[in-house]
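In case you want the letters, here they are:
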Amino acid sequence: MWCQRLAWLLRGQRGSTGRRWPRLPREPGPVPAAPARCHPTAPASPRCAWQLHQDHLELRYGSTLMRLDFVWLRDHCRSASCYNAKTNQRSLDTASVDLAIRPQAVRVDETTLFLTWPDGHVTRYGLEWLVRNSYEGQKQQVMHPRILWNAEIYRQAQVPSVDCRSFLETDEGLKEFLQNFLLYGIAFVENVTPTKEDTEILAERISIIRETIYGRMWYFTSDFSRGDTAYTKLALDRHTDTTYFQEPCGIQVFHCLKHEGTGGRTLLVDGFHAAEQVLRRAPEHFELLAKVPLKHEYVEGVGGCHNHMIGVGPVLNVYPWNNELYLIRYNNYDRAVINTVPHDVVRRWYHAHRALTAELRRPDNELWVKLKPGKALFVDNWRVLHGREAFTGYRQLCGCYLTRDDVLNTARLLGLQA
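Here the residue numbering is sequential within each chain, running from 1 through the sequence in written order. Given that the model is predicted, a residue must reach a pLDDT of at least 70 before its local features are reported, and side-chain atom pairs must reach 80 or more before they are shown or counted; all residues, however, enter totals for whole chains, interfaces and linings. With hydrogens and water excluded, all non-hydrogen atoms of the structure serve as input to the side-chain values.

- Going by the annotation in an unreviewed UniProt entry, the name recorded for the protein chain is Trimethyllysine dioxygenase, mitochondrial, with Machaerirhynchus nigripectus given as the source organism.
- One UniProt comment on the protein chain, placed under Subunit (unreviewed entry), says "Homodimer."
- UniProt positions are given in the numbering used here, feature names are shortened, and annotations may be inferred rather than shown by experiment. Database annotation for the protein chain, UniProt heading Function (unreviewed entry): "Converts trimethyllysine (TML) into hydroxytrimethyllysine (HTML)."

What to know about the packing of aromatic side chains
In step 1: For Phe, Tyr and Trp, where Trp contributes only its six-membered ring, two rings pair if their centres lie within 6.5 Å, and the inter-plane angle classes them as stacked under 30 degrees, edge-to-face over 60, or tilted in between. By the definition in use, this model includes 17 aromatic pairs.
In step 2: Taking the centre distance of 5.4 Å and the plane angle of 50 degrees together, the rings of Trp149 and Tyr154 count as tilted.
In step 3: When accessible area is computed with a 1.4 Å probe and restricted to protein chains, residues below 20% of their type maximum are described as buried, those above 50% as exposed, and intermediate ones as partly exposed. For Tyr154, a relative accessible area of 9% puts it in the buried group.
In step 4: Centre to centre, the rings of Tyr319 and Tyr326 are 4.5 Å apart; their planes meet at 20 degrees, and the pair counts as stacked.
In step 5: According to the relative accessible area criterion, Tyr319 is buried, its value standing at 14%.

Some points on the sheet that holds strand 16 (residues 266–270)
In step 1: Read across the open sheet, the four strands follow the order 14-23-16-21; overall the sheet is antiparallel. One side of each edge strand has no neighbouring strand; the edge strands of this open sheet are strand 14 (236–239) and strand 21 (367–369). Neighbour to neighbour, the strand axes of the sheet diverge by 20 degrees on average, direction disregarded.
In step 2: Note: two strands are recorded as paired if DSSP finds a minimum of 2 bridges between them. Here a helix means four or more residues in a row that DSSP labels H or I, a strand means two or more in a row labelled E, and each is numbered from the N terminus. Pairing analysis gives two bridges linking strand 14 to strand 23 (residues 384–388), with the strands arranged antiparallel. Note on geometry: axes are lines fitted to C-alpha atoms, helical ones only across the stretch in contact, with angles between N-to-C directions running from 0 to 180 degrees.

Focus on the sheet that holds strand 9 (residues 122–126)
Working definition: the strands of a sheet are paired by backbone hydrogen bonds and lie parallel or antiparallel to each other.
In step 1: Here three strands make up an open sheet; going across it, the order is 7-8-9 and the pairing antiparallel. With partners counted over all chains shown, the strands left at the sheet margins are strand 7 (105–108) and strand 9, one partner each. For this sheet, the mean angle separating the axes of adjacent strands, direction not counted, is 15 degrees.
In step 2: For strand 8 (residues 112–116) and strand 9, the ladder comprises five bridges, and the chain directions are antiparallel. Directly across from Phe114, in strand 9, lies its bridge partner Arg124.

Quick word on the state of the cysteines
In step 1: Two cysteine sulfurs form a disulfide in these notes if their separation is within 2.5 Å. Counted according to the given criterion, the structure contains zero disulfides.
In step 2: Here Cys77 stays unpaired: no disulfide links it, and the sulfur of Cys82, its closest cysteine neighbor, is 3.9 Å away.
In step 3: By relative accessible area, Cys77 is classed as buried at 1%.

Some points on helix 11 (residues 343–360)
In step 1: Expected span of a helix, by definition, is 1.5 Å for each gap between consecutive residues, and there is one gap fewer than residues. In a regular helix each residue adds 1.5 Å, so 18 residues correspond to 26 Å; helix 11 covers 26 Å between its end C-alpha atoms and thus fits that length.
In step 2: Among the residues of helix 11, those classed as buried are Asp344, Val345, Val346, Arg348, Trp349, Ala352, His353, Leu356, Thr357, Glu359 and Leu360.

What about the environment of Arg329?
In step 1: One can find Arg329 in the loop between strand 20 (325–328) and helix 11.
In step 2: The exposure class assigned to Arg329 is buried, which follows from its relative accessible area of 3%.
In step 3: Through-space distance from the C-alpha of Arg329 to that of Leu316 is 6.5 Å; in sequence the pair is 13 residues apart.
In step 4: Setting aside chain neighbours within four positions, we find Arg329 in contact with Thr240, Thr243, Phe245, Gln246, Pro248, His296, Gly311, Val312, Gly313, Pro314 and Val315. In what follows, residue pairs with any heavy atoms lying within 4.5 Å of each other are defined as contacts.

Quick notes on the packing of helix 7 (residues 171–184) against helix 12 (residues 404–413)
In step 1: Across the interface, helix 7 lies against helix 12 with an axial gap of 10 Å and an inter-helix angle of 120 degrees. The orientation of helix 7 with respect to helix 12, classified from their angle, is oblique. Here helix 7 and helix 12 pass one another in a crossing that is left-handed. Contacts between helix 7 and helix 12 involve Leu174, Leu178, Phe181 and Leu182 on the former and, on the latter, Val407, Leu408, Thr410 and Ala411.
In step 2: Residue type decides the class: Asp, Glu, Lys and Arg count as charged, Ala, Val, Leu, Ile, Met, Phe, Trp, Tyr, Cys and Pro as nonpolar, and the leftover types, Gly among them, as polar. Classifying every residue of the contact of helix 7 with helix 12 gives seven nonpolar, one polar and no charged. Orientation labels follow simple angle bins: below 35 degrees gives roughly parallel, above 145 gives roughly antiparallel, 65 to 115 gives roughly perpendicular, and whatever is left gives oblique. By definition, turning the near helix anticlockwise from the far helix through less than a right angle yields a left-handed crossing, and turning it clockwise yields a right-handed one.

Looking at the pairing of strand 23
In step 1: Burial analysis of strand 23 places five of its five residues in the buried class, which makes it a mostly covered element.
In step 2: Bridge analysis of strand 16 against strand 23 gives five bridges, and the strand direction is antiparallel. Each residue of the ladder has a partner; that of Thr266, found in strand 23, is Arg388.

Structure (structure tokens):
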């Protein structure tokens, strides 16, 4: 998996020539301590053993070797006095924990770790809970399971659209839609009444609509009513939206209400699949794209619309503990002047950007879809790039942006991993 390969990369891969981009800090090693012997648990549980060090507990359970800091172990106590199980919130004041704290006694049985602290307080942890929540356990997991795709993979998967009535009225239909969306980054709803009002009802089924400088629900025509190339009949290259926001919009909804003309097909590209190919072929390019911060900018002065937005971040964004890619910020239209890195890094960045662009423009990665009245498209704007071919005639779309947190919240409440 690419995230394991990236973990190797970020531990020490250097640039090719000239000044080197700073490495990520290495994990601190164990603090030297007096020799400590390993303590196996009861004979019935040979999968677990522990060892006490100067500032942490080393615990092996199954195939996972965990190093658990003593302050961490005290801070995450789930006893009634430290944690409110009704609100799922911490009651313990973390700042009150002695940073030199050390347990007075440690005991492990087949399922549970017991720690007795100097004041007599006892903390209990389930061993399975520790595996799931330790750093070592988390870096072996992914936050969001996905299926990476090119056009052929997506077509062969025959991902079904969900009927509008099932989507709106049943948990089963909503869950099927969200599962498709989480796995592929796109999902369709069929038989939607082609009006802005019905599209709004559809969107609100899974999320609060995010109001932006474009309004809450927007109509989209080629009248150049906004200072954006999208409001023309020209082709649009693949891109993600709102890269000039500090937090780009999470999900975009498109619904074609009318098109009297030709052309105008929608282009969809899985940005994570393209990034995976870059990592396989040139990991040093992936590293630069994940490290170099860029500015994206939107300057508008058309009619009564006056805006100047700036967002900052790398093209590829990864979780630092497991190096899982979670956001791609790619928009060549709105990328601002590159003035955030020195010249020797800029040249290497251009090579990396060219490698990613080549993957994004590879024909077999392009999924072309003809949007039509009644078929609504939901796009994960943190993952899937969209574009458009040029068109003729009158073409009207409506849509909106959704808050990512609310979409993922809806998915989790239905039992999905999100």
